Every structure is written in structure tokens, then in C-alpha cells.
Amino acid sequence: MSNSKHPSIRLTGDGSPTVQLPDSEVTYHSIHGALTEAKHVYIEQGIDSLDVPKNRAIHVLEVGFGTGLNAALAMLWARDHDRTVHYRGLEPYPLLASFWDDYPWAKWPFDVSTCMKRLHAVDVNTTETFFEKSTFRLENKGVEDDLNSEDLYDVVFYDAFAPSYQPELWNRQLFRKLRESVRPGGILVTYCAKGFVRRNLMAAGWDVLAIPGSPGKKEMLRGVNHPVSRFNVRVYGVILDAAGDRILVCNERLSDGSHAQKFPGGGVELGEGILDAWWREVQEELGCRPVMQSAELFHSAEPFVRSAFRKEEQVIALYYLFQMHSDEGNIWTEEPANSPGGELGVKVSWKCWKSLDYRTFRFLTDQTAVQKLQKFDGRISQ
Ligand SMILES: C[S@@+](CC[C@H](N)C(=O)[O-])C[C@H]1O[C@@H](n2cnc3c(N)ncnc32)[C@H](O)[C@@H]1O
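This is a predicted model, so every value here is computed, not measured.

Novice: I'm lost on the environment of Leu 356 in this one. Help?
Specialist: Locating Leu 356 in the fold gives a position in the loop between strand 18 (346–352) and helix 7 (364–375). Exposure remark for Leu 356: the 17 C-beta atoms within 10 Å place this residue in the partly exposed category. Not counting residues within four places of it along the chain, the set of residues in contact with Leu 356 comprises Lys 351 and Val 370.

Given below as C-alpha cells:
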């Protein structure tokens with residue numbers, strides 16, 4: 001990426017200006033409203049949503065300083081709320097000095113433009129005081145070159161260019177390093193709500209919520225660095241029928257009262273063997289102990305997965321493959337049925353795995369098991 005050609009200025013939906021890269025549709029802000037987006041994503045859902053005691057300073061890292069709009073809004077927020085903010089911006093491709101010659105400063109509220117101008121007057125790698133107790137510092141480097149930082153931030157403003165333009169800035173490794181630079185309970189906010197970005201953030205350990213985005217954008221993402229302190233080991237069975245066409249799924253009422261489609265199985269208790277735990281769960285859920293061909297471990301969900309119910313737990317999910325003997329399993333039908341003698345609230349049915357939509361399973365780990373079964377066309381067992 002290089003800014004050798006001059007970017008242009010474009011007015012956005014709320015009348016505030018943004019920057020557009022030469023020969024492209026890539027802009028620094030939402031074309032529906034630069035100021036509205038920055039206020040919503042980084043101030044209201046970012047710095048203003050933090051639970052930091054009033055007497056403690058807030059440390060902000062911005063990835064993609066650009067015009068300095070987010071930084072100016074954060075400095076003004078600190079002034080208006082009588083808070084101390086230590087702001088560090090990263091920008092490997094700063095706008096050239098000549099870019100500002102024709103810049104429409106008057107399109108911004110007066111205090112925003114005044115603050116942006118002051119930010120641009122600060123020399124790189126120099127920490128300058130703003131509004132008596134806050135500080136600002138800009139460094140000309142990319143986030144990927146800044147991952148050994150020992151600082152602990154309260155919030156990361158993740159304002160890189162869209163993944164379609166800079167896909168390398170939205171990967172799991174980078175998000176993991178960023179999480180390690182954020183204090184427990186700290187957050188990352190970004191305007192981007194793409195599914196793969198959300199999954200990469202989650203796989204990097206962030207507890208991610210898609211929340212309403214700024215006008216013109218349905219959603220944005222907010223990740224919280226909830227510390228993880230325990231493993232939650234779970235074991236499930238993918239049970240094929242005798243012909244190998246269908247698998248047995250449970251529809252179960254969960255502890256939070258919701259219903260979910262899942263594989264038979266559940267949590268391993270301390271002191272319990274993994275397959276012992278599986279047979280215990282199966283006995284509870286199916287109400288019987290079917291005779292099946294021996295079990296084979298075929299899948300362990302690989303990315304980091306946080307428990308949907310207990311945020312401090314990391315789920316380790318193992319999937320075993322079984323196959324029914326010919327006349328076993330006739331007690332279940334295609335339609336969900338209350339399992340004969342099984343747990344109240346569990347409905348068991350056969351489903352053709354080839355046509356099964358993995359998204360009908362509630363848990364990510366189950367989804368990856370279905371995808372694996374389909375990827376290998378059911379030929380997982382030797
Ligand atoms: C969407 S714009 C950010 C807009 C900016 N926050 C503002 O208020 O004007 C993305 C910015 O990320 C910068 N950028 C590009 N590569 C980067 C990298 N590797 N690390 C950090 N920032 C990067 C771009 O130069 C650009 O200024």
C-alpha cells in the first residue's frame with residue numbers, strides 16, 4: 001500500500017469530509033457519515049462504554065490514525081468528561097503535508113477541526129499533553145510491527161482499511177497479539193462486522209458481540225478481553241446409521257432455557273474417562289445404550305472457543321465417530337421424537353448428513369464437526 005498519488009476529499013452523508021484513495025472506492029470513513037460513524041463506533045461504543053474508575057487514566061491504541069478524527073474525538077471526550085486519556089496512534093502511511101492545503105476544515109465542528117490540526121502538529125514519536133492531563137503520541141508504523149508492546153490498553157480502536165482492501169490486517173494472529181496488549185476486561189471496537197472477522201476475533205480469544213452499526217451499516221463489532229481461567233472438556237458422538245447415510249442429532253433444552261440442535265454428548269467430569277463420560281451422557285440423553293461399532297476419535301475443534309454460558313471457560317471439544325449395528329436405532333425416526341426413556345426435553349432424530357446445514361447446530365464446535373464430515377464425504381473412519 002502506498003500513498004504516492006494524492007488521495008481526494010469526498011463529502012459524506014452527514015456533511016463531514018472523508019478521504020478517498022486514488023483510483024479506488026476505498027475511503028477512510030463511512031460515506032454515510034464520517035463524523036457520525038466515528039462518534040458511534042469509537043466514542044459511544046468504545047471509550048464511553050468502558051468501565052474504568054474515574055480516577056484512572058484510559059489507555060487507547062488506534063490502528064490507522066489517518067486524518068486524526070477518532071483521536072480528536074477521544075481527546076475532546078476526555079476534556080468534556082474530565083478524564084485522562086493516553087492515546088497512541090499507529091499510522092505507517094501518513095497523509096502528506098500538501099494534502100491539507102485544500103482541506104475543507106470548515107466542514108467540521110470548530111473544536112473538532114481545532115483539535116485535529118493540533119494533533120497533526122505533533123511530531124511523530126513525541127508525546128504531547130492535551131487539555132492539561134491527557135497525552136497523544138503518533139508512531140509511523142503498522143500494527144503488525146508493533147506487537148511486542150508492553151503497554152496494556154483499555155481500548156483498541158481498530159480502524160484499518162476494509163478487509164477487501166487490506167485482508168492481511170484482519171487475521172487471527174494479529175487479533176490474538178492485540179488481545180495480549182489489552183488489559184483484562186478491555187475492549188476492541190471496529191466498524192467492520194464481516195463474518196470472517198468476527199470468527200477470527202473469537203478464535204483469537206475475544207468475546208465478540210455484533211451490535212448495531214452507525215447509519216448505513218447494520219452492525220459493528222465489539223470484542224471484550226474476558227480472561228479465561230478454566231478448560232471445559234466436552235465429548236460428543238457422531239453416530240452414523242447402519243447404512244452410513246444419517247446421523248443422530250439431539251434437540252435439547254439447555255440450562256439457559258433455550259433449545260439447541262447438538263450431537264449427543266456433554267461435559268467430562270473430573271476423574272472421569274472421556275468415553276465413560278460420553279456413555280454416561282448418551283444414557284442420559286438417549287435413554288439407552290445402543291450397541292455400536294467401536295469409537296474412533298475423528299475431530300477436535302481447533303480454534304479457541306469460549307463457553308457460551310461461562311465466559312471464563314475455554315471449551316475443548318472432542319468428537320468420536322460411531323456406527324450403529326443394522327437393527328439398532330430403529331426407535332428413532334426422521335422426525336424428532338422424545339427419546340424413549342431419555343432426558344425430559346431432549347428430542348432425538350436421524351438426519352441425512354449430506355444435506356444437513358451446519359448452521360442449524362447451535363455450537364461452533366458442532367458446526368465444525370458437521371463440516372468435517374461433509375468435507376471428507378463421510379469417509380472418516382478407516
Ligand atoms: C480507515 S482509515 C482510518 C481512518 C482514521 N482512523 C481517521 O480517523 O481518519 C485506515 C488507516 O489505516 C492506515 N493503515 C494502513 N496500513 C496500516 C497498518 N499496517 N497498520 C496501521 N494502520 C495502517 C491507513 O494508512 C489509513 O490511514
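Novice: Help me out: how do you make sense of the nonpolar core in this one?
Specialist: For soluble globular proteins, nonpolar side chains are generally found buried alongside one another. By size, the foremost hydrophobic cluster in this structure holds 57 residues, and its most contacted members are Val 60, Ala 72, Leu 73, Ala 74, Met 75, Val 156 and Val 189. When residues of this core are assigned to their parent elements, the largest contribution, nine residues, is made by helix 2 (residues 69–81). Formed by 31 residues, the second largest nonpolar core is a distinct cluster that contains Ile 247, Ala 317, Val 348 and Leu 373.

Novice: Whenever I open this one, unusual backbone geometry confuses me. Can you help?
Specialist: In terms of backbone geometry, most residues other than glycine have negative phi values and most peptide bonds are trans. The backbone of Phe 131 sits at a positive phi, close to 45 degrees, despite the residue not being glycine. Position of Phe 131 among the secondary structure elements: in the loop between strand 5 (128–130) and strand 6 (134–139). Of note in this structure, Glu 132 is not a glycine but carries a positive phi near 70 degrees. Mapped onto the secondary structure, Glu 132 falls in the loop between strand 5 and strand 6. Looking at Glu 132, the number of C-beta atoms within 10 Å reads 8, which means it is exposed.

Novice: Quick question: what am I supposed to make of the sheet that holds strand 9 (residues 207–212) here?
Specialist: Sheets are built from strands that pair by backbone hydrogen bonding, the pairs being arranged parallel or antiparallel. The eight strands are arranged 5-6-4-3-7-8-10-9 in an open sheet whose pairing can be described as mixed. Both outer strands of the open sheet, strand 5 and strand 9, are each paired with one neighbouring strand and no more. Pairwise comparison of adjacent strand axes, ignoring direction, gives a mean angle of 20 degrees for this sheet. Of the strand pairs in this sheet, strand 7 (residues 153–158) and strand 8 (residues 182–190) are connected by five bridges, and their pairing is parallel.

The rules behind these values
Residues numbered from 1 in each chain as written. Predicted model: local features only at pLDDT ≥ 70, side-chain atom pairs only at ≥ 80, totals over all residues. Helix = DSSP H or I, 4+ residues; strand = E, 2+ residues; numbered from the N terminus. Buried ≥ 20, exposed ≤ 12 C-beta atoms within 10 Å, placed from the backbone. Contact = placed C-beta atoms within 7 Å. Core = buried A, V, L, I, M, F, W, Y, C linked by C-beta atoms within 7 Å. Pairing = 2+ DSSP bridges. Axes fitted to C-alpha atoms, helices over the stretch in contact; angles between N-to-C directions.

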